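# Reading the structure
Okay, here's what each chain looks like letter by letter:
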Amino acid sequence: MATAPSALEINRFLDQAVRLAAANVDAGGGPFGALVVTSDGRIHEGVNHVTRDNDPTAHAEVVAIRAAAAASANFDLSGSVLYASCEPCPLCLAAALWARVDRVYFAADRHAAAAAGFDDALFYEYFEGTQPDLMPVRHTAVPASGVPFVAWRDNPDRVEY
């Protein structure tokens with residue numbers, strides 16, 4: 001794990017993420033901005049493109065992670081830090097985990113987002129197991145369920161992730 005950034009760096013990057021979010025609102029987008037600072041010091045920006053792209057996964061943090069991975073030609077962003085204008089939702093946290101981001105810092109919290117109309121409390125409750133009927137997910141095995149995993153294990157050219 002990389003060395004933690006200084007308080008000055010954290011504040012500077014969070015301020016930049018907040019400015020990105022505000023500018024995105026002015027451009028017709030959602031009020032979210034994010035930066036991924038990779039281990040080599042490069043800064044990769046992202047803003048919320050959900051309504052612009054009709055993509056429910058185009059959250060600022062995901063857009064920044066995608067930009068960092070594309071620029072570094074690597075899906076593993078170990079050593080990187082994610083700075084977000086607002087507390088990352090479960091989708092964004094999962095994306096940061098899959099990208100192997102080392103740390104996450106955020107400015108506003110989920111309660112401030114909820115007050116502005118972006119309430120994801122139900123999602124947190126779902127993942128805590130208190131709202132299972134929100135979206136039922138059921139395991140249904142079929143005879144070929146394991147075939148893709150056998151193909152993966154048998155592929156000598158696979159790239160582990």
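The structure we're discussing is the one just above.
One structure accompanies this document, and this report is about it. All values reported here derive from a predicted model rather than from experimental measurement.

### Here's the deal with the overall build of the chain
Regarding its fold elements, the chain presents seven helices and four strands. In sequence order, the chain lays out its α and β elements as α-β-β-α-α-β-α-β-α-α-α. Once the C-alpha set of the chain is aligned to its principal axes, its extents read approximately 55 × 40 × 30 Å. Across the 161 residues in the chain, those meeting the buried criterion constitute 35%. Taking the contacts inside the chain whose residues are at least 6 apart along the sequence as the reference set, 48% of them involve residues at least 24 apart. As presented, the chain carries roughly 10,000 Å² of accessible surface, and 59% of it is formed by carbon and sulfur atoms. Charge-centre separation for the chain: the mean point of 11 positive side chains lies 5 Å from the mean point of 20 negative side chains.

### Focus: the packing of helix α3 (residues 60–72) against helix α4 (residues 90–98)
Running from amino to carboxyl end, α3 crosses α4 at an angle of 20 degrees, the nearest separation of the two axes being 8 Å. In terms of axis orientation, α3 runs roughly parallel to α4. The way α3 lies across α4 gives a crossing that is left-handed. Residues Glu 61, Val 62 and Ile 65 of α3 form the contact with α4, whose participating residues are Leu 91, Cys 92, Ala 95 and Ala 96.

Thresholds applied
Residues numbered from 1 in each chain as written. Predicted model: local features only at pLDDT ≥ 70, side-chain atom pairs only at ≥ 80, totals over all residues. Heavy atoms only, no water. Helix = DSSP H or I, 4+ residues; strand = E, 2+ residues; numbered from the N terminus. Buried < 20%, exposed > 50% of the residue type's maximum accessible area, 1.4 Å probe, protein only. Contact = heavy atoms within 4.5 Å. Areas by Shrake-Rupley, 256 points an atom, 1.4 Å probe, with all protein chains shown as cover. Lys, Arg positive; Asp, Glu negative; His and termini not counted. Charge placed at Lys NZ, Arg CZ, Asp CG, Glu CD. Axes fitted to C-alpha atoms, helices over the stretch in contact; angles between N-to-C directions. Parallel < 35°, antiparallel > 145°, perpendicular 65-115°, else oblique. Left-handed = near helix turned anticlockwise from the far one by under 90°.

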